[in-house]
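Descriptive analysis of the structure
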Amino acid sequence: MCGIVGLLVKNKTLRSQLGALMVPMLTGMTERGPDSAGLAVYTEPVADDMHKLSLYSGEHAVDWPALLEGLREHFSEHSAIAINGNHAVLSSAADPDRVSDWIARHAPTVAVLSVGHAIDLYKDVGAPADIARRYRFNALSGTHLVGHTRMATESAVTPAHAHPFTAGRDFCLVHNGSLSNPHLVRKHLEPLGIEFETDNDTEAACRFFEWRLREGDDLESAVQRGFSELDGFYTFLMGTDKELLIVRDAFACKPAIVAETDDYVAIASEFRSLAHLPHIAHATLFEPKPEEIYSWRI
Amino acid sequence: MANLRPVPEAREFDLTKDTLRELNLFLHKHAAEDGVSRIRVQNPNGAHSIACGLNADLEVHIHGHVGYYVAGMNQHASVTIYGNAGPGAGENMMSGRVHIKGFASTAAGASAHGGLLIVDGDASLRCGISLKGADIVVGGSVGSFSAFMAQAGRILICGDAEDALGDSLYEAVIYVRGKVRSLGADARFEPMSDADRASVKNLLTAAGLSHDPGEFKRVASAKSLYHWHADANQEY
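My aim in this report is to walk through the structure given alongside it, one point at a time. This is a predicted model, so every value here is computed, not measured.

Another point: the sheet that holds strand S5 (residues 87-92) of chain A. Residues and elements named next belong to chain A. Strand order across the open sheet formed by 4 strands is S4-S5-S3-S6, with antiparallel pairing between neighbours. Each of the sheet's edge strands pairs with one partner strand only, and the pair in question is strand S4 (79-84) and strand S6 (111-116). Taking each pair of neighbouring strands and ignoring which way they run, the sheet shows an average axis angle of 20°. The sheet contact formed by strand S3 (residues 51-56) and S6 spans 5 bridges and is antiparallel. Pairing of Leu55 across the sheet is with Val112, part of S6. Relative to S4, helix H2 (residues 64-74) is tilted by about 165°, and along the sheet it contacts S4 and S5. The strands that helix H3 (residues 96-106) touches are S3, S5 and S6; relative to S3, the one it contacts most, it runs at about 20°.

Next comes the structure, spelled out in structure tokens:
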């Protein structure tokens, strides 16, 4: 069991409240996922020649200013860092793959959680409310977000196994369910040079969809292809810098409910995570039908 | 005008102030002790297991959306939800009446033995799965695998049905008014008899609906799965 939440604000004046609206959604899913939680938030994008990297050091102490200094010595391009405890968002005009490689060599205890123009990613083990406080989710602003609370059923409880999973640029995925053929999917992807960070089933789905995006599919076509390639139970919620997408498997074993108003689209595993939202009594409520793709663009 | 009746046997709970446990304890125990028979619940906000396991002639009105297992295992009580219900609404009910004014999520009325479950809107997948004797009336449509392995009871569907309706049915009977995307293994359409039309009329009346019973089709078990066929080669 896990909990998923998603929120996309259509009304631009709500962008500054994105995090505050979301926190009760995430903590409302604590019973479904008490062991870890995570969040991808899509902010105003950085300039075209820049990238953002969400960095996470877990229990290891990291001298972030020294890390930035090292990066600046190595790369001539502009870099800046926003630090929040064991988490930091690095903005850099240098090539993000080279930056990631440099971090892997010079700061091996630091994980790169996401790369993109708009995505910031947070995930950790612990109760969702603690994680929300740790990273000040209340204060986050942005256009849309994808969140998850995890109750691990198939692989270890570690920050790396927490959701959202990311691959490529500005793409993330959360999952409620379990896949039965993740190893087969992985066996197909690894010969293509696609590297995995964990043994988690969801990572296989994330890397599968991102591979399809790189091959030229749009997200809906990638998901359509996933119906025949991914076997198992799932409600997937995905984000790109432009859209939010939800899909449930043919048996719809894992729940999801959508609330839509003129101001926002909110998605959760259960209504109890939506009950606090403004004007919820007038929202259009529906459960996504099995194997139907629902997406919203910012 | 002043109410000339004795003190009404009513009580209100607000789940933003009262706990779910207080509500359910009241419904199970104190309602009978206090002589309260009518209970109003405000702000259910998707909570699970509201009015589960009731065993008394109570009238429970829930104003808002509820989570999993509302009125599960119900006996005798009449529970009305003025909103939508999460998975397993009225699951395993034994008697009484559960009425959902909005839509119901998956497995509504699963394995219910008796009583009447009414869903005014749509019911999601697996409605009436393993039904054991209750009646279910769905004003809208039902999702795939509804009435899977239903053993006894009746399911009346005023709208359409998705895939595999009535898969592996036993003795339960389905009446469906709209389109059926596909029947499940061993389910088949059968002619409507006078008794079927009377049965449909009876269910429609109980649910306060006014469709023409002549618009419904009967789906029941062909009973070809009742006995093992060694030659069937697992193709049913």
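What follows concerns the sheet that holds strand S7 (residues 132-138) of chain B. Residue and element names in this part refer to chain B. Reading across from one edge, S1-S2-S3-S4-S5-S6-S7-S8-S9-S11-S10 is the order of the 11 strands in this open sheet, with mixed pairing throughout. Two strands in the sheet have a free side with no partner beyond their single neighbour: strand S1 (10-14) and strand S10 (187-190). On average, each strand axis in the sheet is tilted by 15° relative to the strand beside it, whichever way the strands run. Sheet topology places S10 next to strand S11 (residues 217-221); 4 bridges connect them, and they run antiparallel.

Every contact between the two is made by 9 residues of chain A and, on the other side, 13 residues of chain B. When its residues are assigned to classes, the side of chain A that touches chain B shows 6 nonpolar, no polar and 3 charged.

Residues and elements named next belong to chain A. Considering the arrangement of structural elements, one finds Leu237 in strand S11 (residues 232-239). Judged by the 29 C-beta atoms lying within 10 Å of it, Leu237 falls in the buried class. Residues Leu237 and Ile267 lie 30 residues apart in sequence; the distance between their C-alpha atoms is 8.8 Å. Contacts of Leu237, omitting those with residues within four sequence positions, involve Ile4, Gly6, Val146, Val174, Ile246 and Ile267.

On to the packing of helix H6 (residues 201-214) of chain A against helix H7 (residues 219-229) of chain A. Residue and element names in this part refer to chain A. Between H6 and H7, the shortest axis-to-axis distance is 9 Å and the interhelical angle comes to 130°. What the angle tells us is that H6 and H7 run oblique. Classified by chirality, the crossing of H7 by H6 is right-handed. Here H6 contributes Phe208, Phe209, Arg212 and Leu213 to the contact with H7, which in turn contributes Leu219, Ala222, Val223, Arg225, Gly226 and Glu229. Looking at the contact of H6 with H7 residue by residue, the classes come out as 6 nonpolar, 1 polar and 3 charged.

Turning next to the pairing of strand S3 (residues 59-63) of chain B. All names here are of chain B. In S3, alternate side chains face the same way, and those of Val60 and Ile62 are buried while those of Glu59, His61 and His63 on the opposite face are not. Direction of pairing for strand S2 (residues 38-42) relative to S3: parallel, over a ladder of 5 bridges. Within S3, the position partnered with Arg38 by the bridge is Glu59. Bridge count between S3 and strand S4 (residues 78-81): 4 bridges; the pairing is parallel. The partner of Glu59 across the bridge, within S4, is Ser78.

Scoring rules and cut-offs
Residues numbered from 1 in each chain as written. Chains lettered and ligands numbered in written order. Predicted model: local features only at pLDDT ≥ 70, side-chain atom pairs only at ≥ 80, totals over all residues. Pairing = 2+ DSSP bridges. Helix = DSSP H or I, 4+ residues; strand = E, 2+ residues; numbered from the N terminus. Axes fitted to C-alpha atoms, helices over the stretch in contact; angles between N-to-C directions. Contact = placed C-beta atoms within 7 Å. Nonpolar A, V, L, I, M, F, W, Y, C, P; charged D, E, K, R; others polar. Buried ≥ 20, exposed ≤ 12 C-beta atoms within 10 Å, placed from the backbone. Parallel < 35°, antiparallel > 145°, perpendicular 65-115°, else oblique. Left-handed = near helix turned anticlockwise from the far one by under 90°.

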